[in-house]
Amino acid sequence: MKEYKTGNIINFTLCGHATTGKTTLSEAILFNAGEINRFGNIEDGNTVSDFHEDEIEHQHSITSSLLNCEWLDKKFNIIDTPGYLEFHGEAKAALRVSDFAAIVVSGTSGVEVGTELVWDYTKSDYQIPGLIIINQMDRDTADFDAVLAQAKDRFGNKVFPVTIPMQHGETLHQIADVLRKEIYTYDTNGSGNYQESKPSGEWVQKLEKLHEQFIELIAESDDTLLEKFFEKGELTEEELRGGLHHAFLTGELIPVFCVAAKRNIGVKRMMDIIARYAPCASDFKVVTGTKPGTDDKITLKPSQNESTAAFVFKTVSEPHIGELSFFRVYSGQVKAGDDLENTSRNSTEKMRQIFFMNGKTRKDCSTLIAGDIGAAVKLKNTHTGDTLSAASKPIELAGIKYPNPNMRMAIIPKAKGDEEKISEGLSTIHEEDPTFQYVVDPELKQTIISGQGELHLKMVMKRLKHRYHVELDTIPPKIPYRETIMGRSEAKYRHKKQSGGAGQFAEVWMRIEPRQRGEGIEFTNSLVGQNVDRVYVTSVEKGVKAVCNEGILAGCHVVDLKIDFYDGKMHPVDSNDISFQIAGKHAFIDCFLQSKPKLLEPIYTLVAKIPDTVMGDVMGDISQRRGRVQGMETDGQFQVITAEVPLVNLHDYSTSLRSITQGRGIFSIEFARYEDLPASEAERVIAEYKASREQGN
Ligand SMILES: Nc1nc2c(ncn2[C@@H]2O[C@H](COP(=O)(O)OP(=O)(O)O)[C@@H](O)[C@H]2O)c(=O)[nH]1
Ligand SMILES: [Mg+2]
């Protein structure tokens, strides 16, 4: 394979909402570049990017794919990412190593929540430039102007069309180019080829006007250009080219392209403009990281002569190959056989074989230079998010910012004795895919897995089954209810035992009263006189705290009350620590049961962003979940609903919102507070607890 310089490598991520045609577009790009000679499609399950069995079955991308091709002497490393919200972690990881984001929008559905999310990652998380591709322009309902207006509204007035469609729907075959003021007439046989011509009729004026506005926008992005522009009233072609590159790189221009990927219309011209003007690997002048284990900044140059630093953004386990680690080299070079330092884990790593990737196709390569992206096999102890660097100048690069999990499940092994395999499997999958998490919850006594949604967790279960041969059932996680009181009371408890040898004696007088929500437990003593030796105060407190931990009504933590140990009795010989613990415990239980005890449930604040059209259904669903809507706000073509919903009714929210909105809604939840559990629910919880106690669980 040809060798490229850092300045000739362009890395970008195809990202956006689901089914906008990212994978189809990646196929068109590879086809146009001659990397493949058959143009695969989604329906036949034969694209380079969607090669996984699950992707073919579901007819959409689930993991990101690394692709590469050459265009106009530039090497494109393209990462095609899944648009489904559950797999957005893949897009976040891909953007982490990209020079810019190529955000694909459908000409029919326009800006969607997935579009806004990737825009946010690009701007807030990584500060890289972006371009917008309006695809599916051959669909009858496609409306370029409407989608462009939406994009401007959402992403600002730096959004500007570089190519525009001259027909809409089926008949689309011509694209007007604002940069060159030319018309491109595409072959309709999918070859992607076109003929150039001069505009005529209304298009002369139209292109002239757009071209002028475009130059103004470019000139505005750079003071020296602006001066020249004012002096001469125009820019030379060379100035314009330089300005275009600079404006794109700095986000002063967000170029928009129109394409019909499936028909291979508009794609080649877009590739030309990317090759000529898009940000490339050498444009980001410094690589910033930290000295491992410290916050001290270190910078390197994005040059192959610099000390080596590479970042692993993805790990997969492929059958017959083993672990494949995808990485971008930021500086220096990585050669097969190199020993590098994994500065994230403080270990060394040998790079055995390294590859260029095109979907599942690997091409051996001996060296990857600064700016390039490839994969290595069988790294010993390197995982997603790790930095590999030269031992002589260790550096750690910033990690990937992942989305928060929004679905939790408790797991139960189907067979006994699988515990070890399960924990090994869970930890390996988490290291490969950090958006999947698990914890053994000591309070709930359950292993809780969490991820981006039902499909995501199903995929994890599938991997556990195939790779570790363990099968798991999933159930909704238990709810961490709380127990507390509404009234005050007092009780006296005498613990007395005489069985042969030394006896046990303790008497505890106690009062309890409620505290405000969130104030916790307060234990005090107001003993006077010498009825009880003060050493027993801690014994009583220990007894009380143990009960608070175990619960009285339903096995939940007791919260928000004040206990005062105010008097008691002791015996000179038979009283001891354990007797006072026992008496304290029972005195407390007696008090508690007399003080109008009740259960509390966790309430979460739910914020959902959804399209206008499904507002009624989303609200109806929230109220069915005992949720209370707190507010609604319009945000472009979306509505943002804030509601408070009991946690017990949220475990399947991700699935439900997805089905109500057809994948066009997003949400987040955050703990708000504990509130009274309605009486009928409390009865159920207490009955379930009693039943499980009887079964000995
Ligand atoms: N009419 C039309 N359909 C397209 C175009 N691009 C993609 N599609 C179809 O849109 C659907 C989603 O495409 P896909 O590439 O999987 O989208 P992705 O989820 O963004 O990767 C598939 O049925 C494609 O055949 C296009 O330009 N025109
Ligand atoms: Mg796809």
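Attention here is on the structure that accompanies the text. (Residues numbered from 1 in each chain as written. Chains lettered and ligands numbered in written order. Predicted model: local features only at pLDDT ≥ 70, side-chain atom pairs only at ≥ 80, totals over all residues. Heavy atoms only, no water.)

**Some words on the packing of helix H6 (residues 202-220) against helix H8 (residues 237-250)**
Geometry of a packed helix pair, given as the angle between the helix axes and the separation of the axes. Applied cut-off: Lines fitted to C-alpha atoms define the axes here, with helix axes fitted over just the stretch in contact, and angles between the N-to-C directions of these axes take values from 0 to 180 degrees. Numbering of helices and strands starts at the N terminus; helices are DSSP runs of H or I of at least 4 residues and strands are runs of E of at least 2. Note on convention: near helix rotated counterclockwise from far helix by under a right angle means a left-handed crossing. Clockwise means right-handed. In this description, contact between two residues means that some pair of their heavy atoms is separated by no more than 4.5 Å. Residue type decides the class: Asp, Glu, Lys and Arg count as charged, Ala, Val, Leu, Ile, Met, Phe, Trp, Tyr, Cys and Pro as nonpolar, and the leftover types, Gly among them, as polar.
Taken N-terminus to C-terminus, the directions of H6 and H8 make an angle of 65°; their axes are 9 Å apart at the nearest point. You can see that H6 and H8 cross each other, and the crossing is left-handed. Touching His211, Phe214, Ile215 and Ile218 of H6 are Leu240, Gly243, Leu244 and Ala247, all from H8. A class-by-class count of the residues in the contact of H6 with H8 yields six nonpolar, two polar and no charged.

**A short note on the nonpolar core**
As a reminder, the rule being used: As used in this record, nonpolar core signifies buried Ala, Val, Leu, Ile, Met, Phe, Trp, Tyr and Cys residues forming a set joined through side-chain atoms within 4.5 Å. Type-normalised accessible area, obtained with a 1.4 Å probe on protein chains alone, sets the label of each residue: buried when under 20%, exposed when over 50%, and partly exposed for intermediate values.
Within the largest apolar cluster, 113 residues are counted, with the highest numbers of intra-cluster contacts made by Leu25 and Phe76. Residue contributions to this core peak at eight residues, all from H6. Look past the residues within four positions of Leu25 in its chain and what remains in contact with it is Leu14, Val104, Ile133, Val259, Ala261, Val267 and Met270. With 54 residues, the next largest nonpolar core counts Met510, Ile512, Ala643 and Val645 among its residues.

**A short note on the packing of helix H12 (residues 535-550) against helix H13 (residues 577-594)**
Put simply, the test is: If an angle is under 35 degrees, it is roughly parallel; if it is over 145, roughly antiparallel; if it lies from 65 to 115, roughly perpendicular; otherwise it is oblique.
H13 packs onto H12 with a crossing angle of 50° between their chain directions and a minimal axis gap of 7 Å. Considering the angle they form, H12 stands oblique to H13. At the point where H12 passes H13, the crossing takes the right-handed sense. Counting all contacts with H12, which are made through Tyr536, Ser539, Val540, Lys542, Gly543, Val544, Val547 and Cys548, the residues of H13 involved are Asp577, Phe580, Gln581, Gly584, Lys585, Phe588 and Ile589. Counted by class, the contact of H12 with H13 contains eight nonpolar, four polar and three charged residues.

**Describing the coordination of the magnesium ion (ligand 2)**
Defined as follows: Each metal's donors are the N, O and S atoms found within 2.8 Å of it, except that Na, K and Ca use a 3.2 Å limit; water is left out, so coordination can look incomplete.
Only Thr23 (OG1) and Ser61 (OG) from the protein reach the magnesium ion (ligand 2) as donors, at distances of 2.0 Å. Here Ser61 lies in the loop between helix H2 (53-58) and strand S2 (65-71) and Thr23 lies in helix H1 (residues 22-32), a separation of 38 residues in the sequence. Comparing Thr23 with Ser61 shows no difference in burial state: the two are buried.

**Overview of a positive patch on the surface**
Cut-off, in case you're wondering: In this analysis, a patch consists of residues with relative accessible area above 30% that form no salt bridge, clustered at 9 Å for like charges and at 5 Å for the nonpolar side chains Val, Leu, Ile, Met, Phe, Trp and Tyr. In short, Shrake-Rupley with a 1.4 Å probe defines the accessible areas, and a residue's cover is counted only from the protein chains shown. The working definition used for a salt bridge is a side-chain nitrogen of Lys or Arg within 4 Å of a carboxyl oxygen of Asp or Glu. In summary, the charge assignment counts Lys and Arg as positive and Asp and Glu as negative, without counting His or the chain termini. By convention, the charge on Lys lies at NZ, on Arg at CZ, on Asp at CG and on Glu at CD.
A cluster of like positive charges, contributed by Arg352, Arg362, Lys378 and Lys380, occupies part of the molecular surface. Topologically, Lys380 is positioned in the loop between strand S22 (373-377) and strand S23 (387-389). With a relative accessible area of 59%, Lys380 lands in the exposed category.

**Topic: the site of ligand 1**
Selection rule: Throughout, near means a residue has at least one heavy atom within 4 Å of the molecule or strand. Polar contacts, as used here, are pairs of N or O atoms within 3.5 Å; protein pairs need one atom able to donate a hydrogen and one able to accept it. Residues neighboring in sequence count only if both atoms are side-chain atoms.
The environment of ligand 1 is formed by 16 residues, the closest being Gly21, Lys22, Thr24, Glu43 and Asp138. Between Asn135 and ligand 1, the recorded distance is 3.1 Å, taken from a side-chain N or O atom to an oxygen atom. At a separation of 3.1 Å, an oxygen atom of ligand 1 approaches a polar backbone atom of Lys262. Computed on the free molecule, ligand 1 has an accessible area of 570 Å², of which 90% lies beneath the protein chains in the complex. Tallied by class, residues from the shell around ligand 1 come to four nonpolar, seven polar and five charged.

**A closer look at the pattern of salt bridges**
Enumeration over the complete set of coordinates arrives at 53 salt bridges. Glu182 serves as the salt-bridge partner of Arg180, at 3.8 Å between the closest nitrogen and oxygen. Residue class for Glu182 comes out buried when judged on its relative accessible area of 13%. Measuring nitrogen to oxygen at the nearest pair gives 3.5 Å for the salt bridge that ties Arg511 to Glu490. Taken together, the positions of Arg511 in strand S31 (residues 504-514) and Glu490 in strand S30 (residues 489-497) put the pair 21 residues apart, joining distant regions of the chain. Judged by relative accessible area, which is 35%, Arg511 ranks as partly exposed. A single salt-bridge network, built from bridges that share partners, covers Glu601, Arg626, Glu681, Arg684 and Glu688.

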